[in-house]
Amino acid sequence: MKADTKIPTNRTRAMRLETLLSVLTLLLVAHAREEGTPILKHVSHMTEKELNQHVRRVQLTPPVGTSTYHLTRLVADESRATSMLKNLVNVMFTTLDVTKRYLSSWEELEAAGVEAEGFASHPLHAYALTKHVSLGWPHVEASLRALSHLSQNVEWLLSRSEKHGVPTGEDLATVAGGLARLHDYYSLNLTALAHAQLVSAIDAHAVPVKISPTVVDLHRIGSEAVSHNVLNSGVDFLRAALDRWDGNASSIRSSDTFDAHRELRQIDLSFRRAVKIHDQVLEKKGPRSDLHSTYARPFNKTLARKKKYHKKEELVLGVKGSQRQGLKQYRRLCRGEDLRPVDMTSRLYCRYVTNGSPLYKIGPLRMDVRSLDPYVVTLEEVVTPSEAADLVLASAGYLTRSSTVRANGSSTEDFKRTSSTAWMLDKDIPFLPVLTQRIEQLVGVNAQLFDGAEIYQILNYGVGGHYTVHHDAFVYPRVATFLIYLSTVPQGGRTVFPWVGAGVQPKRGSALLWFNMDRSGKPDSRLQHGACPVLLGDKWVINKWLYYTGQQKTLPCIPGNPEATVSQPLS
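What you are looking at is a predicted structure, and each value in this text was computed from that prediction instead of being measured.

## Thoughts on the overall build of the protein chain
Reasoning step 1: Helices and strands together make up the secondary structure of the protein chain, namely 15 helices and 21 strands.
Reasoning step 2: Scored against the burial criterion, the 571 residues of the protein chain give a buried share of 45%.
Reasoning step 3: Summarising the internal contacts of the protein chain: among those between residues at least 6 apart in sequence, 72% fall at separations of at least 24.

Below you can see the structure in the form of structure tokens.
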């Protein structure tokens, strides 16, 4: 007789599922600990207490390398510190001069035998001793008192690193790496740079530079480029250091005296090593990935003859291609190119829209269609200059270095993304609830926090700040992205779509809208995008990601065609 087979109840199934999820969570946490990146809730699922504890902590050392805002703050902080030091030096020199003269006067008395018994009994001796002390000591006392008054300044200077934070070696490496990235993407003219002019592939007009790099700077930037695997830039900066070497101190600045001394032989060895690594990486991994970049062909002439280095340039549009191809097109778009044929761009248009909203019936917004399929548009003057300035000012104190999210939910800081992020609740800034309403009216969606959208993300980019090609719906179900530019960027900093072949230059107040998913919740891989390195200026943006799960009423499925596009052209 067969034993009775027990059919699992719903409760049993739920318990098993809960156990399975617990085990999976433990495994993911263990893996994240091995990687040094603890798994936390996504910010939109955190309470305000958790948000302040894990995400919005005020950092003692601000992220100078990934935020132009903190670089600007550093100028003011350093101005205060150097002003104190100048005052301290002046008082110290005065004290030193008075003390030296007073001691010299005493040494003259010593030479005359002032310490011998009966010295003061002689009237001229008594006069000299009395004159030395009566005239000299008040000056000594006054100079020492002036020095003592600076004790608070000295205490501030000594506590500056601990209480206010100063740039670290890591910050210097990040900024140097940013310069290397700018050369990688925009082909900086290093000869012009040595002559105090900034010339790049996106603007042939020279922009004056008040401080040009020294041999020491070029070597440091080149070395950091190699360590970050930006090998093409590393070779070029190290070659520039060799070209500028003159064997004397004519090109050395005061700041170089704090840096390690470089010999010509050391720079030459660094250059030869960089060329060798460049060709090895290119031969093994190809010219470009998220983690490295080289030139398209090796420096070694024998290797350069290989057929694989003479292939015709490809172009992939309308579908997602390989990562290498995407990065190639990303770089071209960053330089201002539009990769689409004329028959595609000629069908684009602009118009004024209200999207049926009473809010914009009186004052419709200009909409520019950047791509018809997939649907990507920009909207002008979504926020005013004063509103943009208020958002920047209110969020700046919350900036921390941006991180990228892994497939297992953990986060990490790396060279693929160099910016700083402030996560802001609607209640943090009086204008944010107003902005949420505007987004709902313009797009026709639910943009309420927790229900239909994520917490606001405000970003500021650093030197060469960027975010390489990625998809917003990779981990989280973000059906659409509404990105508003809070500053105009003079050069660089475009938002580009490699598989669409288009890009947008940041303009203060304008918004960029695209839909990441279809109506069945499947990500549209064509909407991979990237934030190009900022060459000149400050880049500030604010993001509102709209959740798929909150749009059932506004963006319902189409019967019989669940994979239909979720985008609804604005009217």
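## Points about the pairing of strand E6 (residues 365–371)
Reasoning step 1: For E6, a buried count of five out of seven residues is recorded, marking the element as mostly surrounded by other parts of the structure.
Reasoning step 2: Here four bridges tie strand E5 (residues 350–353) to E6, and the two strands are oriented antiparallel to one another. Within E6, the position partnered with cysteine 350 by the bridge is aspartate 368.
Reasoning step 3: Summarising the sheet, E6 and strand E7 (residues 376–379) pair through four bridges and their orientation is antiparallel. Bridge assignment links methionine 367 to a residue of E7, and that residue is leucine 379.
Reasoning step 4: Between E6 and E7, which pair antiparallel and follow one another directly, the connecting turn spans four residues.

## Looking at the confidence of the model for the protein chain
Reasoning step 1: This prediction gives the protein chain a mean pLDDT of 87; 87% of its residues lie at or above 70.
Reasoning step 2: The low-confidence segment residues 1–37 (pLDDT under 50) makes 15 contacts with residues lying over four places distant or belonging to another chain.

## Quick look at the packing of helix H8 (residues 215–227) against helix H9 (residues 231–244)
Reasoning step 1: Two elements in contact, H8 and H9, have axes whose closest approach is 7 Å; the angle formed by their N-to-C orientations is 160°. With respect to H9, the element H8 is oriented roughly antiparallel. Note on packing geometry: the crossing formed by H8 with H9 is left-handed. Here H8 contributes Val215, Leu218, His219, Ile221, Gly222, Ser223, Ala225 and Val226 to the contact with H9, which in turn contributes Leu231, Ser233, Gly234, Phe237, Leu238, Ala240, Ala241 and Arg244.

## Looking at unusual backbone geometry
Reasoning step 1: Between aspartate 373 and the following residue, proline 374, the backbone shows a cis peptide bond with an omega angle of 0°.
Reasoning step 2: Along the chain, proline 374 turns up in the loop between E6 and E7.
Reasoning step 3: The phi angle at serine 187 is positive, at roughly 50°, despite the residue not being glycine.
Reasoning step 4: The residue serine 187 is located in the loop between helix H6 (169–186) and helix H7 (190–194) in this model.
Reasoning step 5: Taking the relative accessible area as the measure of exposure, serine 187 reaches 34% and is therefore partly exposed.

## Examining a nonpolar patch on the surface
Reasoning step 1: Taken together, the side chains of Val89, Phe93 and Leu96 present a nonpolar region at the surface, about 280 Å² in accessible area.
Reasoning step 2: If you trace the backbone, valine 89 turns up in helix H3 (residues 68–111).

## Observations regarding the sheet that holds strand E17 (residues 502–504)
Reasoning step 1: Read from one edge to the other, the open sheet built from four strands follows the order E13-E19-E16-E17, with strand pairing classed as antiparallel. Edge positions in the sheet fall to strand E13 (467–470) and E17, since each has one partner strand and no second. Strand after strand, the sheet turns through a mean of 15° between neighbouring axes, direction not considered.
Reasoning step 2: Bridge count between strand E16 (residues 495–497) and E17: three bridges; the pairing is antiparallel. Across the sheet, the residue bridging to phenylalanine 497 is alanine 502, located in E17.

## Quick notes on the pairing of strand E12 (residues 456–461)
The side chains of a regular strand alternate, residue by residue, between the two faces of the sheet.
Reasoning step 1: Burial analysis of E12 places six of its six residues in the buried class, which makes it a mostly covered element.
Reasoning step 2: Both faces of E12 are covered, namely the face carrying Tyr456, Ile458 and Asn460 and the face carrying Gln457, Leu459 and Tyr461.
Reasoning step 3: Sheet topology places strand E11 (residues 419–424) next to E12; six bridges connect them, and they run antiparallel. Within E12, the position partnered with serine 419 by the bridge is tyrosine 461.
Reasoning step 4: Pairing of E12 with strand E21 (residues 540–547), which is carried by four bridges, proceeds in the antiparallel orientation. The residue bridging glutamine 457 from the neighbouring strand is asparagine 543, located in E21.

Cut-offs used in this document
Residues numbered from 1 in each chain as written. Predicted model: local features only at pLDDT ≥ 70, side-chain atom pairs only at ≥ 80, totals over all residues. Heavy atoms only, no water. Helix = DSSP H or I, 4+ residues; strand = E, 2+ residues; numbered from the N terminus. Buried < 20%, exposed > 50% of the residue type's maximum accessible area, 1.4 Å probe, protein only. Contact = heavy atoms within 4.5 Å. Pairing = 2+ DSSP bridges. pLDDT = per-residue confidence, 0-100. Axes fitted to C-alpha atoms, helices over the stretch in contact; angles between N-to-C directions. Parallel < 35°, antiparallel > 145°, perpendicular 65-115°, else oblique. Left-handed = near helix turned anticlockwise from the far one by under 90°. Patch = residues over 30% accessible without salt bridge, like charges linked within 9 Å, V, L, I, M, F, W, Y side chains within 5 Å. Areas by Shrake-Rupley, 256 points an atom, 1.4 Å probe, with all protein chains shown as cover. Salt bridge = Lys/Arg side-chain N within 4 Å of Asp/Glu carboxyl O.

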